[in-house]
Each structure stands twice: as structure tokens, then as C-alpha cells.
Amino acid sequence: MSPRPRIGVLVSGRGSNLAALLRRRGELAADFACVVSNTEAPALEVARAQGLPAVAVPVVRGEAREAHEGRVLEVLQAHDVTFVVLAGYMRVLTPFFIGAFPAGHITNIHPSLLPAFPGLHAHRQALERGVKVSGATVHFVTPGDVDGGPILAQRTVPVLAGDDEDTLASRVLAVEHQVYADALSALFAGRLMLRDGRVWEVALGEV
Ligand code: GRF
């Protein structure tokens, strides 16, 4: 991926994944350009504490999704963002937004082992189904199925007897914080690449 990507992070909540990425920013061959939220989220303070521009772009009641996305894109473009990292962004992106970036330039983290349990309440879905293993998935964002894009990395955690949504979520969150930085580090270093709709590990020496 060249030249050095400029990352715009989209957030909606507390921003622990953002904080985890910023802790490892020195390992990423990319620069953090700005953070954008659809609400006045605590994650914006996480960004500001690190000296990053952080902007809330509130949703206007009744507006089309694309209208809100257009304002988000304006902020990203004003900061010369070339790569979008979703970190707890709670809005589904339309093809309009996704098409504003080349393929393989938007990533997301999801708290399940996709393709199992996409969308909302992943931990509830996992517990209701009785799976014994869950985890986190880093994937590219593509138009179409929510959480359905090519997978860059996954990490597992056990589901324990007596787990509830909170205990499972906190165990998964700990691995989210590791796997997202690991995946982006590999991607920006050229050790992962998207080809024919799949993510491939680039072997040493391969061109
Ligand atoms: C994480 O579990 C993420 O996988 C999900 O929303 C949560 C965001 O948490 N999409 P945080 O804001 O990064 O702390």
C-alpha cells in the first residue's frame, strides 16, 4: 500500500479500540489524520488527548444516510484521509461511502468469529447459540452484507460456563485490542494483501 496511508478513524462509543491502536501507532506504517464520530462520543476525547483532530458529525433527524455520510466524507477529505478504520462505529455504511475509497481501504473490527453472528448483539447471539469458542474478526468493509467483507485476521477466546454478555464481551475486547493493531500493522507493512476478494499473506520474497 503506497504512499503511506493517512488514517481516519470512525467511532461511536467509548473508544477503547481507538486507544489500543494509538498505543501501537509507532508500529503502523501509516499516520493518524483524524477521528470522526456520529455522536459526542467519549472516543473523541481519547483522540484529543493524543492531539488528534476529533470531530462529531451528528445525524440530522430524517436525513438520508448518504447525506450524513457526505458530511463525514467532507471531514475525512479535509484531513487528506486515504484509509478508513472503523472502531466501534455504529452506523452501517452505504455503497456511496464505501465507493469513495478504493477496495481494501476500509477496515472494521467485529466481536465474533465471522461469518458467525454479524450485526448487533454479537455476544448475545453467540451465547444463545451455545458456541464454545468466540473471538474477534478484522475485515475489510465491502458493499453488501453487513460484516461480510474479506477477513484479514481473527483471534479466538473460550466461552466459559456462566458467561453473560458482559463477561464474554470483556474477554473478547481484550483480544480485539491486540488483533486490530496486529492486522493493520501487517497490512501497512505489505504482509497482507487483497486479491480476488480474499486476503492473502504475502510470503517473504514474493512480489
Ligand atoms: C467493540 O466491541 C467493537 O468490536 C464493536 O463495538 C465495540 C466498540 O468498543 N464494533 P470501543 O468503542 O472500541 O471501546
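Let me begin by describing the structure that accompanies this report. (Residues numbered from 1 in each chain as written. Predicted model: local features only at pLDDT ≥ 70, side-chain atom pairs only at ≥ 80, totals over all residues. Heavy atoms only, no water.)

1. Describing the site of the ligand
- Around the ligand lies a shell formed by Arg14, Gly15, Ser16, Asn17, Gly88, Ile109, Pro111 and Glu176.
- Here Asn17 contributes a backbone N or O atom positioned 2.9 Å from an oxygen atom of the ligand.
- At 2.6 Å, a side-chain N or O of Glu176 approaches an oxygen atom of the ligand.
- In the complex, the protein chains occlude 85% of the 370 Å² of accessible area that the ligand would expose alone.
- One can see that the ligand is located within the largest pocket.
- Residue classes in the shell around the ligand are distributed as two nonpolar, four polar and two charged. (Near = heavy atom within 4 Å. Polar contact = N/O pair within 3.5 Å; in protein donor to acceptor, adjacent residues only side chain to side chain. Areas by Shrake-Rupley, 256 points an atom, 1.4 Å probe, with all protein chains shown as cover. 1 Å grid on protein atoms, 1.4 Å probe; cavity = no way out; pocket = protein on both sides within 12 Å on 5 of 7 lines; lining within 4 Å. Sits in = over half its atoms within 2 Å of the grid points. Nonpolar A, V, L, I, M, F, W, Y, C, P; charged D, E, K, R; others polar.)

2. Some points on the sheet that holds strand S5 (residues 106–110)
- Taken in spatial order, the seven strands make up an open sheet running S3-S2-S1-S4-S5-S6-S7, and their pairing is mixed. Either end of the sheet is taken by a strand with one partner, and the two such strands are strand S3 (54–56) and strand S7 (151–158). Here the average twist between neighbouring strands, direction ignored, is 20°.
- Summarising the sheet, strand S2 (residues 31–37) and S3 pair through three bridges and their orientation is parallel. Residue pairing in the sheet places Val36 in a bridge with Val55 of S3.
- The sheet contacts of helix H3 (residues 65–78) involve strand S1 (6–11), S2, S3 and strand S4 (83–86), and relative to S2 the element is tilted by about 155°. (Pairing = 2+ DSSP bridges. Helix = DSSP H or I, 4+ residues; strand = E, 2+ residues; numbered from the N terminus. Axes fitted to C-alpha atoms, helices over the stretch in contact; angles between N-to-C directions. Contact = heavy atoms within 4.5 Å.)

3. Here's the deal with the packing of aromatic side chains
- Under the criterion given, the structure shown has two aromatic pairs.
- With a centroid separation of 5.8 Å and an interplanar angle of 40°, the aromatic rings of Phe97 and Phe101 are classed as tilted. There is no split in this pair, since Phe97 and Phe101 are both buried.
- For the cation-ring pair, Arg198 lies above Trp200, with the distance from its terminal atom to the ring centre recorded as 4.5 Å. (Phe/Tyr/Trp six-rings, centres within 6.5 Å; stacked < 30°, edge-to-face > 60°. Buried < 20%, exposed > 50% of the residue type's maximum accessible area, 1.4 Å probe, protein only. Lys NZ or Arg CZ within 6 Å of the ring centre and 35° of its normal.)

4. Points about the packing of helix H1 (residues 16–23) against helix H6 (residues 165–188)
- Between H1 and H6, the shortest axis-to-axis distance is 9 Å and the interhelical angle comes to 45°. Comparing the axis directions of H1 and H6 gives the class oblique. Like other packed secondary-structure pairs, H1 and H6 cross with a definite hand, here right-handed. When H1 is examined against H6, the residues Ser16, Asn17, Ala20 and Leu21 are found in contact with a partner set consisting of Leu173, Glu176, His177, Tyr180, Ala181 and Leu184.
- Its residues assigned to classes, the contact of H1 with H6 shows six nonpolar, three polar and one charged. (Parallel < 35°, antiparallel > 145°, perpendicular 65-115°, else oblique. Left-handed = near helix turned anticlockwise from the far one by under 90°.)

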